[in-house]
Every structure is written in C-alpha cells, then in structure tokens.
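Summary of structural features
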Amino acid sequence: MAAAMNTRFLATLCAVAEAGSLAAAARRLGLAHATVAEQVAALERELGAPLLTRRGRSLVLTEAGQAILEPAAEILARVEALRARVQLGELRGQLRVGSISTALISLMPPALRRMAERHPRMEIKVLPGTSALLYRMLEAGELDCALIVEPHFSLPKSLDWHPVRREPMTLIAPAGMPGTTAAELLAAAPLIRMDRAAWSGRLVNRALRDLELPVRELFELDAQEAIVILVAQGLGVSLLPDWGIKPPAGQPIRRIAVGDGAYDRVVGLVLARGLREKLARSLASALEEAVGGLPAAAAQAPMGA
C-alpha cells in the first residue's frame, strides 16, 4: 500500500483540510473539482477509512483524517527536500504569485523575464488583485508570495517582507493646467481620489490631512490606471504614488512630487516561509534587479508630450 500511495493525493487532502471545501482546494491546486474528489476518494480506499466528513457547509477531517494530517505534511516536506537535493542549484516547481496592478505592468515583466532565463523549470502563476485581497490569499495559503504595498501592521512570523521599490507621492494634472504647486493645482481642479480604504489610499489620506491641501472631490475609485486616464482627459487632478506613470498616447500630463518622501509608497514582496520559500526568494532577487533597470520618476516633468 505504501508503495502505491501517490504523494499528490496527500497534498490534495492537506489542501482540502486547509480550504474547508473541495472547490476551494481545487482553485488552490489548479485542478478540476472532480479531480480533487477522485484523489481524496482514492486515498480513502488505500487507507481503508473515511478521511473527510461534512459539517454544515464545510468539509472537516474525520478522526482518521486528523491522525494522518501531521504525518502527511512531514512526508510532503521530505519529498520537497529530496527534490531540492537533486536539483543541484536548479530551481523547479510551481510558484503562486500575487501582484497589485501597477506592479504587474511595471515590475513584474522584467522580473519574469529574468526568472524565465535563469530558472526555466520553474512554473510561475501570477494572479492580480489589491494588496488587501492578496494578503488574505497569502494568509490562507492560496499564494506563496505577493507583490503588494507595505502592510500598515506587523507581519506574523510565518511571513517575511522584502521591500523592492519606493514610489514618491505625486500630484498629476493635465499638461495645460495653470499652477506651479500641488496646492494651486488642487485649488484649480477637482480631485479624482484614490479609494480611502485601499492601502495606497491610506497614504493619500495622510498626505492630504498633514499638508492641509485643499480638496474638491469628483470621483473616488480603486483603479490607479483609470485615474491616470481621467486626469489625462482633463477631468481633474489626482494624488498617486508614482509607479512609473504613463499617460495615454497623445494626452500629456504633469506631475509634481509631494511631501519630500514622507508619503512614499513602498512596494515589496511578502513571502510565506516553508516549502516554496526558496523559489519566492529567487523572485525577490529578480524584482530587485528589475528596479535597478527601470528609469527613476522625474518630479515636475511633463509626461507623454
């Protein structure tokens, strides 16, 4: 029986136990719902005991399932260690990465190119989302690492933080709008505001409050790329971290640095310690190199002319 047992089935059982449902485990593993059910059923047949039972809307481990959960995790850890021993420096395996949208279009492409060149046997799956959503997915074990805004709270010991880039808080405005300071531009046009509840929006809130800048709000949304388009169309001004903002073709905008670095947004990689930590740290290194190859934001510079 031991020789026939498939370690992937053990991994599936662990995923179901953590996720609480076959559907959630299937999403986490990238498998079909039916495949997850079949693998658990096959494991139950091999062990001769039911491993899962339904409690309300969730699946929970039976007494037999609880008994094998810790040994199963140890077996999977040993299998992963064996793979690492035979790789001889070559990284392989799947890495599940989350990324905020602005980093996805600026930092991730050059970093992924480096990863493909150096570690062709790695499989990287990238999921977009907000910092808050990606952090929750990381905590739930649905991601191995996430490129997000620096959390405004302390991280648990199971997670590690790698800062990658500082992005200056910047006021952006249509190119032809009169005014030389952030206060003058905000007084002259309505504010297209970053969502107050978003992690980046918290920095914007603090800058507006501390600097006592005048505000006449027009829109509020958690979509920084869309905000840039609205500003370029002349609908207002906005205060955003400069991730390498590029306006639409033919619609130049201005930008003015605000706060002398006090409200910079720090974007970095939060990674989970454990089986895929080495893969995640290799991505962290690639991201740091990618930042070194990107042009720095130029305060006061017109863009897109």
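Residues numbered from 1 in each chain as written. Predicted model: local features only at pLDDT ≥ 70, side-chain atom pairs only at ≥ 80, totals over all residues. Heavy atoms only, no water.

Topic: the overall build of the protein
Our working definition: What counts as a helix is a DSSP run of H or I of at least four residues, what counts as a strand is a run of E of at least two, and both are numbered from the N terminus. The buried label applies to any residue whose accessible area, calculated with a 1.4 Å probe on protein chains only, is under 20% of its type's maximum; exposed applies above 50%, and partly exposed to all values in between. Here, two residues are considered to be in contact whenever any of their heavy atoms come within 4.5 Å of each other. The Shrake-Rupley method, run with a 1.4 Å probe, gives the accessible areas here. Residue values count only the displayed protein chains as cover. A residue counts as positive if it is Lys or Arg and as negative if it is Asp or Glu; His and the chain ends are not included. Here the site of a charge means NZ on Lys, CZ on Arg, CG on Asp, or CD on Glu.
Within the protein, the regular secondary structure consists of 11 helices and 12 strands. Summarising its shape, the C-alpha atoms of the protein cover approximately 80 × 45 × 35 Å along the three principal directions. A buried classification covers 43% of the 305 residues belonging to the protein. Long-range pairs, those at least 24 residues apart, make up 74% of the contacts in the protein between residues at least 6 apart in sequence. Entry remark: accessible area of the protein is about 15200 Å², with carbon and sulfur atoms responsible for 55%. One finds the centroid of the 35 positive side-chain charges in the protein at a distance of 3 Å from the centroid of its 31 negative side-chain charges.

With respect to the packing of aromatic side chains
So the rule is basically this: Classification of ring pairs uses Phe, Tyr and Trp, with its six-membered ring standing for Trp, and accepts pairs whose centres are within 6.5 Å; under 30 degrees between planes counts as stacked, over 60 as edge-to-face, and the remaining range as tilted.
Tallied over the full model, the rule gives three aromatic pairs. Centre to centre, the rings of Tyr-135 and Trp-199 are 6.2 Å apart; their planes meet at 50°, and the pair counts as tilted. Of the two residues, Tyr-135 is situated in helix 7 (residues 131–139) and Trp-199 in helix 9 (residues 199–210); the sequence distance between them amounts to 64 residues. With a centroid separation of 5.7 Å and an interplanar angle of 85°, the aromatic rings of Phe-153 and Trp-199 are classed as edge-to-face. Taken as a pair, Phe-153 in the loop between strand 5 (145–149) and strand 6 (159–167) and Trp-199 in helix 9 lie far apart in primary sequence, 46 residues in all. One aromatic cluster is present, formed by Tyr-135, Phe-153 and Trp-199 through successive ring pairs.

Here we look at the pairing of strand 5
The cut-off we apply is this: When DSSP finds at least two bridges between two strands, those strands are taken to pair.
Most of strand 5 sits out of view: five of its five residues are buried. As judged from the three bridges shared by strand 3 (residues 93–99) and strand 5, these two strands associate in the parallel manner. Bridged to Gly-98 within strand 5 is Ala-146. Judged from the five bridges that link them, strand 5 and strand 12 (residues 265–272) form a sheet pairing that is antiparallel.

Focus: the packing of helix 1 (residues 7–19) against helix 3 (residues 33–47)
Selection criterion: Only the contacting stretch of a helix is used when fitting its axis, a line to C-alpha atoms as for every element, and angles between N-to-C directions run 0 to 180 degrees. Here the angle decides the label: under 35 degrees means roughly parallel, over 145 means roughly antiparallel, 65 to 115 means roughly perpendicular, and every other value means oblique. Crossing chirality is assigned from the near helix's rotation relative to the far helix, an anticlockwise turn below a right angle marking it left-handed and a clockwise turn marking it right-handed. Throughout this entry, Asp, Glu, Lys and Arg are counted as charged residues, while Ala, Val, Leu, Ile, Met, Phe, Trp, Tyr, Cys and Pro are counted as nonpolar. The remaining residues, Gly among them, count as polar.
Between helix 1 and helix 3, whose axes approach to 9 Å, the crossing angle comes to 110°. By the angle between their axes, helix 1 is roughly perpendicular relative to helix 3. Two packed elements cross with a definite hand, and for helix 1 against helix 3 that hand is left-handed. Here helix 1 contributes Arg-8, Phe-9, Leu-10, Thr-12, Leu-13 and Val-16 to the contact with helix 3, which in turn contributes Val-36, Gln-39, Val-40, Ala-42 and Leu-43. When grouped by side-chain class, the residues that make up the contact of helix 1 with helix 3 number eight nonpolar, two polar and one charged.

Looking at the environment of Ala-187
Of note, Ala-187 is situated in helix 8 (residues 182–188). Residue classification places Ala-187 among the exposed positions, given a relative accessible area of 54%. When the C-alpha positions of Ala-187 and Leu-275 are compared, they lie 53 Å apart, and in sequence the two are 88 residues distant. Residue contacts for Ala-187: discarding those within four places in its chain leaves Pro-214 and Arg-216.

Structural notes on unusual backbone geometry
Negative phi characterises most residues that are not glycine, and trans characterises most peptide bonds. You will see that Glu-212, though not glycine, has its phi angle at about 50°, which is positive. Residue placement: Glu-212 occurs in the loop between helix 9 and strand 9 (217–221). At Asp-260, a position not held by glycine, the phi torsion is positive, near 50°.

A look at the sheet that holds strand 3
Pairing is mixed in the open sheet, where five strands are placed in the order 4-3-5-12-6. Looking at which strands have only one partner, the edges of the open sheet turn out to be strand 4 (122–128) and strand 6. Between one strand and the next, the sheet's axes are offset by a mean angle of 20°, whatever the strand orientation.

So, the environment of Arg-8
Tracing the backbone shows Arg-8 in helix 1. Overall, the relative accessible area of 56% leaves Arg-8 in the exposed class. Sequence separation between Arg-8 and Pro-190 is 182 residues; the distance between their C-alpha atoms is 56 Å.

Function cannot be read off these values alone, since they describe shape.
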